[in-house]
Amino acid sequence: MAMTDLRKNDMMAHLVDSLEAGKDIGQYGRLVFAMVARHFLSEAELVKLLARDKSFGEDEARRLVTQVNSRDYNPPKRERILQYLQEQKFPICPNADDPDACNVYRDLTFPEGVYAKINEYYQQKAGV
């Protein structure tokens, strides 16, 4: 069920398919994948899938997942993903010209804590 939910977003489906095929999705592709997928997959599932990246081993995958979890990273906004796209060859978002593409918040439902953390950030930024 969790993988089905994750695949509701075209970019995440693209990343899953690429990882399952053993492709190198790049540093930022792995980071984006981990930041989003950690809300849908168990830690073991996430590590196993990231380790399928041909340039990334299981130990590295475990370290990335631990880092993302320990820092409680929120899934990135579309704008951040587009910035990451410029930093590597692998197309994290294959349809970057589509204004609706790469927006994980449009297609996926995250735990309430994610939205609360984002709201808190914007309130602090606005000085509320």
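Remember, predicted model here, so these are calculated numbers, not experimental data.

What am I meant to see in the packing of aromatic side chains here?
For any pair of aromatic rings, the description consists of the separation of the ring centres together with the inter-plane angle of the planes. Considering all chains together, one arrives at three aromatic pairs under this definition. Judged by centre distance (4.6 Å) and plane angle (15°), the ring pair of Tyr28 and Tyr84 falls under stacked. Highlighted residues: Tyr28 in helix H3 (residues 26-37) and Tyr84 in helix H6 (residues 78-85), separated in sequence by 56 residues. Classification of Tyr28 as partly exposed rests on a relative accessible area of 21%. Summarising the aromatic geometry, the rings of Phe40 and Phe110 are spaced 5.5 Å apart at their centres and angled 70° between planes, so their arrangement reads as edge-to-face. With Phe40 in the loop between H3 and helix H4 (43-50) and Phe110 in the loop between helix H7 (104-107) and helix H8 (112-126), the pair connects residues that are 70 residues apart, well separated along the chain. Take Phe40: its relative accessible area is 12%, and that puts it in the buried class. Of the aromatic side chains, those joined through ring pairs into one cluster are Phe40, Tyr105 and Phe110. In this structure, Arg30 is placed above the aromatic ring of Phe56, and the distance from its NZ or CZ to the ring centre is 4.2 Å.

Sorry, what's going on with the nonpolar core here?
Grouped burial of nonpolar side chains is what soluble globular proteins tend to show. Leu6, Met11, Met12, Leu15, Phe33 and Leu50 are the most contacted members of the largest nonpolar core, which has 37 residues in total. Put simply, the parts of the chain that give this core at least two residues each are helix H2 (10-20), H3, H4, helix H5 (58-70) and H6. At seven residues, H3 tops the list of elements feeding residues into this core. Discounting chain neighbours no more than four positions away, the residues touching Met12 are Leu6, Phe33, Val36, Ala37, Val104 and Leu108.

Help me out: how do you make sense of the state of the cysteines in this one?
Covalent bonding between the sulfur atoms of two cysteines defines a disulfide. Inspection of every chain in the model, using the stated rule, returns one disulfide. Between the sulfur atoms of Cys93 and its disulfide mate Cys102 the distance is 1.7 Å. Handedness of the Cys93-Cys102 disulfide follows from its S-S torsion of about -105°: it is left-handed. According to the relative accessible area criterion, Cys93 is buried, its value standing at 4%.

Please explain the side chain of Gln88 as it appears in this structure.
Tracing the sequence through the fold places Gln88 in the loop between H6 and H7. You can call Gln88 buried: its relative accessible area is 16%. Within polar-contact distance, the side chain of Gln88 engages the backbone nitrogen of Tyr28 at 2.9 Å. Side-chain polar atoms of Gln88 contact the backbone oxygen of Phe90, separated by 3.2 Å. Setting aside anything within four residues of it in sequence, one finds Gln88 in contact with Ile25, Gly26, Gln27, Tyr28 and Gly29.

Would you take a moment to explain H3 for this structure?
Quick reminder: α-helices carry 3.6 residues per turn. Residues three or four places apart thus point the same way. For H3, which comprises 12 residues, the first-to-last C-alpha distance of 16 Å matches the rise-based estimate of 16 Å (1.5 Å per residue) to within 8%. Across the 12 residues of H3, 10 count as buried, placing the element largely inside the fold. All buried positions along H3 are accounted for by Gly26, Gly29, Arg30, Leu31, Val32, Phe33, Ala34, Met35, Val36 and Ala37. Where the residues of H3 are buried, they touch helix H1 (2-6), H2, H4, H5, H6 and H7.

About the thresholds
Residues numbered from 1 in each chain as written. Predicted model: local features only at pLDDT ≥ 70, side-chain atom pairs only at ≥ 80, totals over all residues. Heavy atoms only, no water. Phe/Tyr/Trp six-rings, centres within 6.5 Å; stacked < 30°, edge-to-face > 60°. Helix = DSSP H or I, 4+ residues; strand = E, 2+ residues; numbered from the N terminus. Buried < 20%, exposed > 50% of the residue type's maximum accessible area, 1.4 Å probe, protein only. Lys NZ or Arg CZ within 6 Å of the ring centre and 35° of its normal. Core = buried A, V, L, I, M, F, W, Y, C linked by side-chain atoms within 4.5 Å. Contact = heavy atoms within 4.5 Å. Disulfide = S-S within 2.5 Å. Polar contact = N/O pair within 3.5 Å; in protein donor to acceptor, adjacent residues only side chain to side chain. Expected span 1.5 Å × (residues − 1).

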